Structures are given as structure tokens and as C-alpha cells.
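In case you want the letters, here they are:
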Amino acid sequence: MNTLSRREALHIGATAAALALPLGAAAIEDGGKKAKVLVAGGHPDDPESGCGGLIALYTASGHEVVNLYLTRGEAGIPGKTHAEAAAIRTAEAEAACRVLGARARFAGQVDGATEVNAAQYDVVREIMGEESPDIVYTHWPIDTHRDHRAMSYLIYDAWLKKGREFELFYFEVESGVQTQHFSPAHYIDISTVEAKKREACYLHESQRPDGFYGLHSEMHAFRGREGGCRLAEGFIRHKLNRSALS
Ligand SMILES: [Zn+2]
């Protein structure tokens, strides 16, 4: 039986043990409402591989999750045209979102040719205005993939320009291969939902899920050891978020 208050649990989670509740959700629930969460990734499969467990926990608790994909993975299937790959990977993302209980949204850029400029800052800021999330997760900005870095900076700019009105967190994908220099401050226990995350990730058949999910399985076990549970996802919260969550 858990006799801790949610705030106490959050404090402990930040320092030692993994949390059973997704970050931010507990504080928002304490305020009597459900959270609107947006998970922003460069390509179909990034929100799922970086945050699939977290997303499943949010949606199982009745919170709303939108997966925002910067591109449709146009350059991600050898031998296919951009249009063919985009159609396949859009369908894979939408199927994965159905498994996780999330909604897919696409930001209109092209895989491998993403841009960070004034016009694209405006696009993402406008999407944030339309969706009005309480909590946003995006790529940690130090990442070997340009598209991941682009999504991270576009979200960060929207967070600044909108007066830090949503909570900003960072996630990791294929750490050591893609995400680098990532030391989580928060751990979410995904032991009960790992099977759902796996199912969602394996719907990205075009991306050879044995490879990328194998790496994430190693990350789950390692973050679990760090966080004090069997399997975990790790996150970093921007320290200048406006809420009292910490
Ligand atoms: Zn990616």
C-alpha cells in the first residue's frame, strides 16, 4: 500500500526510485483535471520508442496524448520513393498510436531535410497553440540525427515564445547511437506496460524493429536499475518550467 502523498512520491522519484505515475499527471490530477500531453519526435517510431511506456501509462489513466511527428519518415525505407515511404510509415505511426491510445499529428517536414528557421518555428508554435498541451516531451537536443535535433529546437523555441506555458521534458532514443550525453533525472516504471510499448514499436515493420527495439530493451533494463525497478524510461525536466513540479 502506498501511503505517500503524490507530492512526496514525486520528490522521491526525482531522487531515487522510479515513479508509477507519469510525471506531471499526478500534479494535474491533484488539480481535478486530466492532462493533455504532446510527445514530439522527428520520425514515426520516435515517440513510441522514447516514450511508449510513458504514453501507455498516461492514456491508461485517462490522460490525452498526441504524438507529433516532424516528418513522415520519407527517407526511411531503402528502395521506396519518398511518397511510398511516407504512406507506409504514416500508416505504421497511426497503428502504433491506436495501440497506445494516442492520436497522431504530422508537422509537415521531410525526413532527412528538416529545417530550423523562422517559418518552421512558426509552424510548430502554431501547432502548440492549437493543441494547447499541459506537458510536452521531445528529443534531448544532443543527438546524432539532424531531424531529432530539429524537432528539439523547434519545440524549445515554442516553449520560450509561449511563455513556458507547458511543462517541457526531454526523452532519449537509441542512447549512445543517437541520443548522447543524457543523464536522466526522472525515471518512470514501465514494467506493467512494456508489452504494449513493444507491440506499438513492432508495428513499425519497415524500421526493422528487432534492431531498434533490442537497443531500447537494453535501455529499459539499465534505466530500471538506475531507477530502482525492473524496466524504466528516463527523462530530464527543464529546470525553468513554471510549475511547482519538482
Ligand atoms: Zn528518428
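Every value quoted in this text rests on a predicted model; they were computed, and no experiment measured them. (Residues numbered from 1 in each chain as written. Predicted model: local features only at pLDDT ≥ 70, side-chain atom pairs only at ≥ 80, totals over all residues. Heavy atoms only, no water.)

Here we take up the environment of Y58. Secondary-structure assignment places Y58 in helix α3 (residues 46–60). In the structure, Y58 is positioned 44 residues away from A102 in sequence and 9.4 Å away in space, judged by C-alpha atoms. Among the polar contacts listed, one links the side chain of Y58 to the side chain of Y137, at a separation of 2.7 Å. (Helix = DSSP H or I, 4+ residues; strand = E, 2+ residues; numbered from the N terminus. Polar contact = N/O pair within 3.5 Å; in protein donor to acceptor, adjacent residues only side chain to side chain.)

Okay, the packing of helix α4 (residues 82–100) against helix α7 (residues 194–202) next. Each pair of packed helices can be described by the angle between their axes along with the distance between the axes. For the pair α4 and α7, the least separation of the axes is 8 Å and the interaxial angle reads 165°. If you check the angle between α4 and α7, you find them roughly antiparallel. Here α4 and α7 pass one another in a crossing that is right-handed. For the pair formed by α4 and α7, the contact residues are A96, V99 and L100 on the first element and K196, K197, E199 and A200 on the second. (Axes fitted to C-alpha atoms, helices over the stretch in contact; angles between N-to-C directions. Parallel < 35°, antiparallel > 145°, perpendicular 65-115°, else oblique. Left-handed = near helix turned anticlockwise from the far one by under 90°. Contact = heavy atoms within 4.5 Å.)

Here the focus is the pairing of strand β5 (residues 167–171). Extensive coverage of β5 is indicated by the burial of five of its five residues. Sheet topology note: the strand β4 (residues 135–139)/β5 ladder contains five bridges and is parallel. Looking across to β5, one finds that I135 is bridged to E167. In this region the chain leaves β4, passes through helix α6 (residues 146–161) and returns to the parallel neighbour β5; the handedness of that crossover is right-handed. Direction of pairing for β5 relative to strand β7 (residues 232–237): antiparallel, over a ladder of two bridges. Bridging across to β7, F169 finds its partner in R237. (Buried < 20%, exposed > 50% of the residue type's maximum accessible area, 1.4 Å probe, protein only. Pairing = 2+ DSSP bridges. Right-handed = clockwise from strand over helix to strand, strands pointing away.)

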